[in-house]
Amino acid sequence: MGVIATLFSQDPVVISLMVSLALIDIGLEFGRVLNVVVNRAIKASGDARYPLISIMIVEWIIILPLALFLGNQLDLGLVGIWIALAIDEIIRGINLWFRWKSKRWQHKSTKLNQHIHAQE
């Protein structure tokens, strides 16, 4: 990864930061894929409120303070903020995955589904 980073900068501090962020990004993208796919599936089922509330709780109550703590208090700077973003995606992805597996979203129905079932 360091070789690719040298295409953008020759500064060793910048290269080190880019390599660190790229490694953290692996976890972030795993969580993001899970989060996006399951989020869209739950919303498509008609359960749009749960993902919204999940985002608000995780981002404002957990991740924002964690980013401030890691970035400022532990003096990790951008790396600390990136770690918090990765944790955000992973927590929300896992949370939505458990929502999907619980099948509670099946009780939420879109207007289209209600219309289809009414015609039967």
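What you are looking at is a predicted structure, and each value in this text was computed from that prediction instead of being measured. (Residues numbered from 1 in each chain as written. Predicted model: local features only at pLDDT ≥ 70, side-chain atom pairs only at ≥ 80, totals over all residues. Heavy atoms only, no water.)

A. Layout of the overall build of the chain. Summing up its helical and strand segments, the chain has five helices and zero strands in all. Each helix and strand of the chain, ordered N terminal to C terminal, gives the series α-α-α-α-α. Looking at the chain as a whole, 26% of its 120 residues qualify as buried. On the chain, roughly 8200 Å² of surface is accessible, and the fraction owed to carbon and sulfur atoms is 68%. (Helix = DSSP H or I, 4+ residues; strand = E, 2+ residues; numbered from the N terminus. Buried < 20%, exposed > 50% of the residue type's maximum accessible area, 1.4 Å probe, protein only. Areas by Shrake-Rupley, 256 points an atom, 1.4 Å probe, with all protein chains shown as cover.)

B. Molecular detail of a nonpolar patch on the surface. Taken together, the side chains of Leu-52, Ile-53, Met-56, Ile-57, Trp-60, Ile-61, Ile-62, Leu-64, Leu-68, Ile-87 and Ile-91 present a nonpolar region at the surface, about 1000 Å² in accessible area. Those elements giving two or more residues to the nonpolar patch turn out to be α3 (49-73) and α4 (78-102). A total of nine residues in the nonpolar patch trace back to one element, the largest contributor, which is α3. Along the chain, Leu-64 turns up in helix α3. The class of Leu-64 is partly exposed, set by a relative accessible area of 38%. (Patch = residues over 30% accessible without salt bridge, like charges linked within 9 Å, V, L, I, M, F, W, Y side chains within 5 Å. Salt bridge = Lys/Arg side-chain N within 4 Å of Asp/Glu carboxyl O.)

C. Expanded view of the packing of α3 against α4. Where α3 meets α4, the axes come as close as 9 Å, and the angle between the chain directions of the two elements is 155 degrees. In this view, α3 runs roughly antiparallel relative to α4, as classed from their interaxial angle. The handedness of the crossing between α3 and α4 comes out as right-handed. Between α3 and α4, the residues in contact are Tyr-50, Pro-51, Ser-54, Ile-55, Val-58, Glu-59, Ile-62, Ile-63, Leu-66, Ala-67, Leu-70 and Gly-71 and Gly-80, Ile-81, Ile-83, Ala-84, Ile-87, Asp-88, Ile-91, Arg-92, Asn-95, Leu-96 and Arg-99, respectively. Grouping the constituent residues of the contact of α3 with α4 by class yields 15 nonpolar, four polar and four charged. (Axes fitted to C-alpha atoms, helices over the stretch in contact; angles between N-to-C directions. Parallel < 35°, antiparallel > 145°, perpendicular 65-115°, else oblique. Left-handed = near helix turned anticlockwise from the far one by under 90°. Contact = heavy atoms within 4.5 Å. Nonpolar A, V, L, I, M, F, W, Y, C, P; charged D, E, K, R; others polar.)

D. Inspection of α4 at higher detail. Under the 1.5 Å per step criterion, the end-to-end length of α4 is 36 Å for 25 residues, consistent within 8% with the ideal 36 Å. For α4, the complete set of buried residues consists of Val-79, Gly-80, Ala-84, Ala-86, Asp-88, Glu-89, Arg-92, Gly-93, Leu-96 and Arg-99. In this structure, the buried side of α4 is in contact with α2 (12-44) and α3. (Expected span 1.5 Å × (residues − 1).)

E. Up close: the pattern of salt bridges. One pass over the full model with this rule turns up six salt bridges. The salt bridge partner of Arg-32 is Glu-29, with a shortest N-O separation of 3.1 Å. One end of the pair, Arg-32, and the other, Glu-29, are both in helix α2, three residues apart, so they sit about a helical turn from each other. The class of Glu-29 is partly exposed, set by a relative accessible area of 30%. Through salt bridges with shared partners, one network takes in Glu-29, Arg-32, Glu-59, Asp-88, Glu-89 and Arg-92.

By themselves these figures say nothing about function.
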